[in-house]
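# Descriptive structure summary
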Amino acid sequence: MSLNSIIQIGMSGVSAYQVATEVTGENIANVNTPGYSRQRVVLETAPQSSSNGFSLGTGVTVTGVQRYYDGLLQQQMATAQTTLGYDTTKSNVLQQIEPTFNEVSTNGLGAAISTFFGSWQDLSLNPTGTAERQAVLTSAQTLVDNFHAVSTALSDTVTAQNTSLVATTDSINATLKSIAQLNGQIKTTQMASGNANELKDQRDQLVQDLSKQIGITSTENSDGTTDIKFADGGAALVTGQQAGAFSLDQTNPNKYVVQLTAAGSAGPATTVTPTQGVLGATLALRDTIIPGYQSQVDLLATTIASKVNTLQASGADLTGAAGIALFAPATTSAATIAINPAITGTSQIAAAASGSAANSGDNSNALAMAALQNDTTTMAGSTFSGSYNTLVSKVGLDVQSIKNTVSRDEAFSSQLSTLRESNSGVSLDEELTNLVTYQRSYQASSKIITTATAMMDTVLGLIS
Amino acid sequence: MRITSNMTANNAIYNLQQNLASLSKLQELSTTQQNINTPSDNPASAGVLLDIADKLKATDQYNSNITKASTFMQVTSTALTGLSDFMTQAKSLMDSISSGTSDATQRQTVSNQLATLKKQIVDMANTQSADGQYIFGGTTGTTPPFSNSSNAYAGDSTQINIEVAQNSTQAMNITGDRILKGTGSNPSYGSTDILQTFDNLIAAVNANDVTAMKQGSTDLDAGAQQITNAQIDLASRMTRLDSMTKMNTSNKTTLQNMASNIQEVDLATVGVQLSQQQTAYSAALSATAKISQMSLLNYLS
């Protein structure tokens with residue numbers, strides 16, 4: 001044991017506390033970095049030596065820099081992100097659709113249906129009146145316009161969902177590629193026994209981002225890399241440094257088909273059906289939810305058209321001839337419903353009973369037409385207006401329940417984030433306290449060196 | 001649990017957001033004064049509101065139907081009163097000469113007056129409504145139902161029904177054959193052909209045929225009763241329309257009350273909630289401001 005070893009011990013303290021201060025600095029600098037996990041130095045006593053007859057350590061040594069990390073929590077957060085991504089997308093799109101059905105504060109399709117049948121009531125009081133006949137034609141046109149407006153709003157939303165698939169799959173592919181690259185860097189760094197904490201934090205953050213878009217399961221390997229599998233079907237998305245890729249079959253421009261080339265697979269892309277995350281919600285909206293509303297509106301349009309056309313045919317118009325169809329005969333949906341082009345004048349409205357003479361004041365057909373408003377035989381036990389009101393309520397209910405689900409998801413996510421923050425987040429007060437502690441320790445270690453130097457001086461003074 | 005400054009900050013943001021969301025919801029309620037602004041605010045009540053709105057529109061439509069039908073019936077009633085007056089005049093004319101002792105000049109005057117009265121009856125029976133419809137012509141609205149040249153009825157006996165409440169109709173017109181020709185059934189007012197009675201009377205007066213004149217007078221009485229029957233029928237229909245209007249109006253009031261119970265905001269409640277929420281929000285803001293300023297940095301020199 002020599003004076004030199006005292007200097008060595010002081011030296012080990014100085015350098016250890018320098019590293020500790022560096023780590024504290026890194027923590028403080030990254031206090032607001034998303035996904036950053038706080039780190040700490042692991043200090044151990046340096047190997048012992050017994051050169052002076054008894055065993056004594058040779059100072060302090062930094063054995064590693066660890067990050068505070070909870071793998072299980074990360075997986076839970078990923079699952080929560082997937083649910084949140086699905087529900088948020090659905091909620092946003094449904095809230096965009098809701099104003100189309102907002103009959104509560106504006107007049108829309110429901111009012112147009114009432115007005116149309118009301119105009120037949122007016123006609124029944126003056127069956128030969130030109131003004132009343134014109135009112136029937138005008139309200140029929142308004143009804144057609146309203147059907148078109150609702151139908152266009154719905155089909156535009158479907159198109160928007162389809163187009164958004166391009167951006168969504170592109171962003172997923174970019175994320176998959178980044179994760180694979182980070183896996184490679186982590187592996188290389190760890191092999192050189194380096195510290196890959198920051199790279200791992202970055203990768204974990206990307207996994208979180210990815211889980212918002214699609215449902216995934218991830219497993220961490222012993223070499224530090226993470227493998228990711230697709231939750232819908234189990235295909236490999238990332239294996240080590242290889243990334244899979246999503247692609248779109250655009251054969252049908254209105255309905256892209258999502259395909260997947262699994263990681264490490266050379267073969268052709270296979271069709272997949274994502275059901276989770278943003279991608280799953282986009283597909284569900286495009287294929288099920290919005291077409292569901294659309295088919296209800298279509299049914300309403302076709303039923304009204306066919307009922308009115310049948311009654312027109314069973315009555316007589318102002319010239320005494322049998323009435324012709326009021327709505328275009330080939331009406332199959334709310335998008336294509338139109339006034340029959342053959343209707344060119346008000347005299348073609350069939351207000352009188354079949355077989356009536358020209359200019360008849362008979363109103364029985366107009367009455368029958370007006371009575372359609374209360375007809376409950378065709379729309380599953382409700383009237384036309386009632387059936388539309390039910391649809392409005394259903395849209396309202398869907399929006400309300402998804403809004404509630406989203407706020408629940410957000411609360412859950414925020415709770416998980418709090419848990420993660422509690423474990424891995426940087427506390428400035430803690431870091432500042434550590435900073436003071438490490439500074440004092442650094443000063444003390446320096447003092448040991450100056451003391452040893454003074455002792456050395458004393459010894460050298462003896463010699464001279 | 002370990003607490004970090006970021007946790008405090010995130011929680012503060014989340015909770016302030018929740019506070020502000022409730023505040024903005026209350027503000028929406030107090031400015032629109034409506035509980036339901038979009039269907040998702042309360043889907044079930046929104047459905048009820050829409051149903052009520054549809055029923056209100058239908059009620060308005062029925063009331064408009066009744067108003068128009070009432071106008072038509074007023075015109076009919078005036079015409080019937082005129083017809084009834086003419087019958088009374090004819091009856092008193094006949095009373096003046098029925099003894100058979102009148103001279104030829106007197107009989108000629110009476111005969112001329114009877115012919116004029118018949119023309120007036122025909123004119124009155126060809127009364128048109130405001131829309132230009134012949135009110136006694138049934139559905140053949142554009143051709144006059146009666147003429148001076150022939151006693152035949154050119155109209156039809158169709159009753160024009162209108163809807164006065166859901167699935168409830170009311171005949172609006174009285175056809176000329178029932179009142180002047182004594183034909184038609186359901187309703188039938190009598191079986192006297194009034195126009196023919198006038199022709200018979202004129203012939204009897206000209207021939208001074210006392211028996212025929214007596215018979216004609218009897219027929220005139222029966223004819224007057226026929227018109228009175230029609231007036232009674234019309235009056236009862238108008239009474240029904242009146243009571244339907246009252247029923248529709250009372251239904252409308254009930255429906256409007258139901259709608260406003262659902263839709264109208266209780267301002268007192270919202271006002272109290274709003275001020276509570278404002279207090280809570282400002283308390284949250286001031287607490288956040290105080291806590292987020294605290295740091296060990298303030299004490300380290």
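Residues numbered from 1 in each chain as written. Chains lettered and ligands numbered in written order. Predicted model: local features only at pLDDT ≥ 70, side-chain atom pairs only at ≥ 80, totals over all residues. Heavy atoms only, no water.

## Some remarks on the overall build of chain B
Counting secondary structure elements, chain B contains seven helices and two strands. Each helix (α) and strand (β) of chain B, taken in turn from the N terminus, gives the series α-α-α-β-β-α-α-α-α. The C-alpha radius of gyration computed for chain B amounts to 39 Å, which surpasses the reference 19 Å derived for 301 residues by more than 25%, pointing to a less compact arrangement than a globule. For chain B, the spread of C-alpha atoms along the three principal axes comes to 140 × 30 × 25 Å. Each of the 301 residues in chain B was classed as buried or not, and the buried ones make up 42%. For chain B, restricting intrachain contacts to residue pairs at least 6 apart in sequence, the fraction spanning at least 24 positions comes to 67%. Of the roughly 14,900 Å² that chain B leaves accessible, carbon and sulfur atoms contribute 54%. In chain B, 17 positive and 22 negative side-chain charges are present, and the distance between their average locations comes to 7 Å. (Helix = DSSP H or I, 4+ residues; strand = E, 2+ residues; numbered from the N terminus. Rg over C-alpha atoms; globule rule 2.2 N^0.38 Å. Buried < 20%, exposed > 50% of the residue type's maximum accessible area, 1.4 Å probe, protein only. Contact = heavy atoms within 4.5 Å. Areas by Shrake-Rupley, 256 points an atom, 1.4 Å probe, with all protein chains shown as cover. Lys, Arg positive; Asp, Glu negative; His and termini not counted. Charge placed at Lys NZ, Arg CZ, Asp CG, Glu CD.)

## Points about the nonpolar core
All names here are of chain A. Grouped together as the largest cluster of nonpolar side chains are 53 residues, with contacts concentrated most on F101, W120, F147, L326 and F327. Of all the secondary structure elements, the ones that give two or more residues to this core are α2 (71–97), α3 (109–125), α4 (130–191), α6 (277–313), α7 (364–371) and α8 (384–424). Broken down by element, the residue count for this core peaks at twelve residues, all from α6. Not counting residues up to four positions away in its chain, the partners in contact with F147 are L109, V297, L300, A301, I304, A334 and I337. (Core = buried A, V, L, I, M, F, W, Y, C linked by side-chain atoms within 4.5 Å.)

## Points about the packing of aromatic side chains
Residue and element names in this part refer to chain A. All chains considered together, the criterion is met by nine aromatic pairs over all chains. Measuring from centroid to centroid gives 6.5 Å for F101 and Y388, while their planes differ by 35 degrees, and the two rings are tilted. On the criterion of sequence distance, the pair formed by F101 in the loop between α2 and α3 and Y388 in helix α8 is long-range, its members being 287 residues apart. Residue classification places Y388 among the buried residues on the basis of a relative accessible area of 1%. Seen from their ring centres, F116 and W120 are 6.4 Å apart, and the 85 degrees between their planes marks the pair as edge-to-face. With F116 and W120 both in helix α3, this residue pair falls four residues apart, about one helical turn. For F116, a relative accessible area of 0% translates into the label buried. An aromatic cluster is present here, built from F116, F117, W120, F327 and F384 joined pairwise through their rings. The lysine or arginine in question, R38, covers the ring of Y68, its NZ or CZ lying 3.5 Å from the ring centre. When the ring centre of Y69 is taken as origin, the NZ or CZ atom of R67, which lies over that ring, is 4.0 Å away. (Phe/Tyr/Trp six-rings, centres within 6.5 Å; stacked < 30°, edge-to-face > 60°. Lys NZ or Arg CZ within 6 Å of the ring centre and 35° of its normal.)

## Digging into the side chain of Q170(B)
Residues and elements named next belong to chain B. Here Q170 lies in strand β2 (residues 168–171). By relative accessible area, Q170 is classed as buried at 9%. In terms of polar contacts, Q170 uses its side chain to reach the side chain of R240, at 2.6 Å. (Polar contact = N/O pair within 3.5 Å; in protein donor to acceptor, adjacent residues only side chain to side chain.)

## Some thoughts on the interface of chain B and chain A
Taken together, the contact pairs 47 residues of chain B with 54 residues of chain A. Overall, the association of chain B and chain A removes approximately 4,000 Å² of surface from exposure, summing both partners, and the carbon and sulfur fraction of that is 52%. When residues of chain B are sorted by the area they lose upon contact with chain A, R2(B), P39(B) and L50(B) head the list and together hold 17% of the total. Linking chain B with chain A are two salt bridges. Across the pair R2(B) and E430(A) runs a salt bridge, and its minimum N-O distance is 2.9 Å. Summed over the shared surface of chain B and chain A, the number is 22 residue pairs in polar contact (both at pLDDT 80 or more). Elements supplying a minimum of two residues to the side of chain B that touches chain A: α1 (5–32), α2 (43–97) and β1 (161–165) of chain B. Sort the elements by how many residues they give to the side of chain B that touches chain A and α2(B) lands first, with 14 residues. For the side of chain B that touches chain A, the per-class residue count stands at 18 nonpolar, 21 polar and eight charged. (Buried area = accessible area lost by both parts, 1.4 Å probe. Salt bridge = Lys/Arg side-chain N within 4 Å of Asp/Glu carboxyl O. Nonpolar A, V, L, I, M, F, W, Y, C, P; charged D, E, K, R; others polar.)

## Things to note about the pattern of salt bridges
Scanning all chains against the criterion turns up 19 salt bridges over all chains. Between K91(B) and D95(B) there is a salt bridge, and its shortest N-O distance comes to 3.3 Å. Placement of the pair is K91(B) and D95(B) together in helix α2, with a separation of four residues, close to one helical turn. When its relative accessible area of 46% is taken as the criterion, D95(B) is described as partly exposed. In the salt-bridge network here, residues are joined through shared partners; they are R67(A), D201(A), R203(A), D204(A) and E220(A).

## Topic: the confidence of the model for chain B
All names here are of chain B. Overall, the prediction assigns chain B a mean pLDDT of 90, with 100% of residues at 70 or greater. Per-element mean pLDDT across chain B ranges from 89 in α1 up to 93 in helix α6 (residues 210–263). Scoring the predicted complex yields pTM 0.84 and, for the interface, ipTM 0.83. (pLDDT = per-residue confidence, 0-100.)

## Concerning the sheet that holds strand β5 (residues 216–220) of chain A
All names here are of chain A. Ordered in space as β5-β6-β7-β8, the four strands form an open sheet in which the pairing is antiparallel. Of all the strands in the sheet, the pair left with one neighbour each is β5 and β8 (242–243). Of the pairings in the sheet, the one linking strand β7 (residues 236–239) to β8 comprises two bridges and is antiparallel in character. Bridge assignment links V238 to a residue of β8, and that residue is A243. Each of β5 and β6 (226–230) is contacted by helix α5 (residues 197–213), which is oriented at about 160 degrees to β5, the strand it contacts most. (Pairing = 2+ DSSP bridges. Axes fitted to C-alpha atoms, helices over the stretch in contact; angles between N-to-C directions.)

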